[in-house]
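One letter stands for each residue in the lines below.
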Amino acid sequence: MNLYRIENLPQDKELVEQLIPDRGIRIERIISSGHASPEDFWYNQERDEWVALLQGQAELSWRDGRQLTMQAGDWVFIPAGEEHRVEWTSEEPPCIWLAVHGDMS
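What this report covers is the structure whose coordinates are included nearby. Quantities reported herein were computed from a predicted structural model and do not represent experimental measurements.

1. Focus: the sheet that holds strand β3 (residues 48-55)
1) Next: The strand order across the open sheet formed by five strands is β1-β2-β8-β3-β6, and the pairing between neighbours is antiparallel. One side of each edge strand has no neighbouring strand; the edge strands of this open sheet are β1 (15-18) and β6 (75-78). The mean inter-strand angle of the sheet, taken between neighbouring strand axes irrespective of direction, is 20°.
2) Next: Strand direction decides the pairing type here: β1 and strand β2 (residues 26-32), joined by four bridges, are antiparallel. Paired with glutamate 17 across the strands is arginine 29, a residue of β2.

Written as structure tokens, this is what we have:
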């Protein structure tokens, strides 16, 4: 397995791959290429999320008005219940995310 290898990328949605079985901690690789959250949609997750952008550029926003433009190598911690969304992701290169979900408090 190679985190940077991209094969069979669907054009209409993000590719989400669970890298290990979920036993309280879920680790995913997410590939985004020009994707964004649907209008008026906010993620409100039950578990904390630590996410790193390994490749590409993206912008996240929070319901409270905060915004974060991310470059390759940037990471962010999003506590459970904190409403957020993806505003945009780069197409070239596509975004490669590494996300860890769990109780990290």
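More follows now that the structure is in view.
2. Some points on the nonpolar core
1) Next: Formed by 13 residues in total, the largest nonpolar core has its most connected members in Leu53, Leu60, Met70, Val76 and Trp97.
2) Next: In this view, leucine 53 contacts Ala58, Met70, Gln71, Ala72, Gly73, Asp74, Cys95, Ile96 and Trp97; residues no more than four positions away in its chain are not counted.

3. Quick look at the sheet that holds strand β4 (residues 57-62)
1) Next: Within the open sheet, the three strands sit side by side as β5-β4-β7. Their pairing is antiparallel. Pairing within the sheet leaves two strands with one partner each, and these edge strands are β5 (67-71) and β7 (84-89). Adjacent strand axes in the sheet meet at a mean angle of 25° when their direction is disregarded.
2) Next: Across five bridges, the pairing between β4 and β7 is antiparallel.

4. A short note on the pairing of β2
1) Next: Counting buried positions over the seven residues of β2 gives six, a clear majority of the element.
2) Next: In the sheet, β2 pairs with strand β8 (residues 95-102) via seven bridges, with the strands oriented antiparallel. In the strand pairing of β8, isoleucine 31 is matched with isoleucine 96.

Rules of the game
- Residues numbered from 1 in each chain as written.
- Predicted model: local features only at pLDDT ≥ 70, side-chain atom pairs only at ≥ 80, totals over all residues.
- Heavy atoms only, no water.
- Pairing = 2+ DSSP bridges.
- Helix = DSSP H or I, 4+ residues; strand = E, 2+ residues; numbered from the N terminus.
- Axes fitted to C-alpha atoms, helices over the stretch in contact; angles between N-to-C directions.
- Core = buried A, V, L, I, M, F, W, Y, C linked by side-chain atoms within 4.5 Å.
- Buried < 20%, exposed > 50% of the residue type's maximum accessible area, 1.4 Å probe, protein only.
- Contact = heavy atoms within 4.5 Å.

Shape is all these values report; function is a separate question.
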